[in-house]
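Topology and contacts: notes
Next come the chains, spelled out residue by residue.
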Amino acid sequence: MHTWRADLATGQFLLSPGARRLHGFDSGDAVVSAGDVLARIHPHDRERAAAQLAAAADSDCQGIEYRMQAADGSVRWLAVTATRLRGADGMPRNELIGTVWDVTERKATESALTAVYEVSPLLMGVIELLEDGDMRHVYDNPATCRFFGLQPGTSAGKRASELGVAPGVIDM
């Protein structure tokens, strides 16, 4: 995990050596502009990352994940936290601090698991157990949707009882 600091008044970022390396900056580039950082973010993530960084200036803490396009053409996923500093009086300062770390391997694992989940013939899903003993479907894979006679992606928010699951099954 590596650290960074941003001056909101000047738009300058002070990056630790590890943060510089993750963003593809030379070792001598300790201070870079917000534009320099955004230019290194993958084009498909740049607008979203810029909006989330801007939101961090108006909140206490923000988490962001984006892809970085390295000079060699490789793509790495980075996870970033941003926290607005406050003065002794509790008022926000024009400064953010944060951490950054490489989550490329985690993203690859998530992608592989999602691919298996989506094509599996097994019934799989994410449910929420409700206080009244029922279950709410948060997400179901296509096989589960077919089992209930639904189009893939349409089960979210439905209760198990609405889908014809008997109360005795829900109580298990």
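The preceding data block contains the structure.
Residues numbered from 1 in each chain as written. Predicted model: local features only at pLDDT ≥ 70, side-chain atom pairs only at ≥ 80, totals over all residues. Heavy atoms only, no water.

1. Comments concerning the sheet that holds strand β1 (residues 2–7)
The strands making up a sheet associate through backbone hydrogen bonding, with each pair oriented either parallel or antiparallel. Pairing within the open sheet is antiparallel, and its six strands lie in the order β3-β2-β1-β6-β5-β4. Both outer strands of the open sheet, β3 (31–33) and β4 (61–69), are each paired with one neighbouring strand and no more. Ignoring which end each strand starts from, the neighbouring axes of this sheet average 30° apart. Pairing of strand β2 (residues 12–15) with β3, which is carried by three bridges, proceeds in the antiparallel orientation. Across the sheet, residue L14 finds its bridge partner in β3, namely V31. In this fold helix α4 (residues 104–119) packs onto β4, β5 (75–86) and β6 (92–102), with an angle of close to 120° to the strand it touches most, β5. (Pairing = 2+ DSSP bridges. Helix = DSSP H or I, 4+ residues; strand = E, 2+ residues; numbered from the N terminus. Axes fitted to C-alpha atoms, helices over the stretch in contact; angles between N-to-C directions. Contact = heavy atoms within 4.5 Å.)

2. Notes on α4
Compared with an ideal rise of 1.5 Å per residue, which puts 16 residues at 22 Å, α4 spans 23 Å between its outermost C-alpha atoms and is within 8% of the ideal. All of the buried residues along α4 are T104, K107 and Y117. One face of α4 carries all of its buried residues, which in axial projection span an arc of 145°. Turned more than 90 degrees from where α4 packs its buried face, E105, L113, V116 and V119 sit exposed. Contacts from the buried residues of α4 go to β4, β5, β6, β7 (125–129) and β8 (135–140). (Expected span 1.5 Å × (residues − 1). Buried < 20%, exposed > 50% of the residue type's maximum accessible area, 1.4 Å probe, protein only. Arc of directions from axis to C-beta.)

3. Remarks on the layout of surface pockets
A water-sized probe, rolled over the atoms, reveals where empty space remains. Counted as a void, the largest pocket has a volume near 220 Å³. Lining the largest pocket we find 13 residues, and of these L123, H137, D140, T144 and F148 sit closest to its centre. Listed by contribution, the elements that provide at least two residues to the lining of the largest pocket are β7, β8 and α5 (142–147). Among the residues making up the lining of the largest pocket, the classes are represented as nine nonpolar, three polar and one charged. (1 Å grid on protein atoms, 1.4 Å probe; cavity = no way out; pocket = protein on both sides within 12 Å on 5 of 7 lines; lining within 4 Å. Points joined across faces, edges and corners; volume = space filled by probe spheres on them. Nonpolar A, V, L, I, M, F, W, Y, C, P; charged D, E, K, R; others polar.)

4. A closer look at the pairing of β8
Pairing analysis gives five bridges linking β7 to β8, with the strands arranged antiparallel. Of the residues in β8, the one forming a bridge with L129 is M135. Hairpin connection of β7 to β8: five residues between the antiparallel strands, including G133 at a positive phi of 90°.

5. Quick word on the nonpolar core
Proteins that are soluble and globular tend to have nonpolar side chains buried together. Among the nonpolar cores identified, the biggest contains 21 residues, and W4, F13, L15, Y66 and V100 are the most heavily contacted of them. If you list the elements that add at least two residues to this core, you get β1, β2, α1 (17–22), α3 (43–56), β4, β5 and β6. (Core = buried A, V, L, I, M, F, W, Y, C linked by side-chain atoms within 4.5 Å.)

6. A few points about the packing of aromatic side chains
Scanning the entire structure with this criterion turns up three aromatic pairs. Geometrically, the ring pair formed by F147 and F148 is edge-to-face, given 5.1 Å between the ring centres and 80° between the ring planes. Among the residues examined, F147 registers a relative accessible area of 57% and is labelled exposed. In this structure, R40 packs its charged tip against the face of F25, placed 4.0 Å from the ring centre. Note that K107 overlies the ring of W77, its terminal NZ or CZ placed 4.4 Å from the centroid. (Phe/Tyr/Trp six-rings, centres within 6.5 Å; stacked < 30°, edge-to-face > 60°. Lys NZ or Arg CZ within 6 Å of the ring centre and 35° of its normal.)

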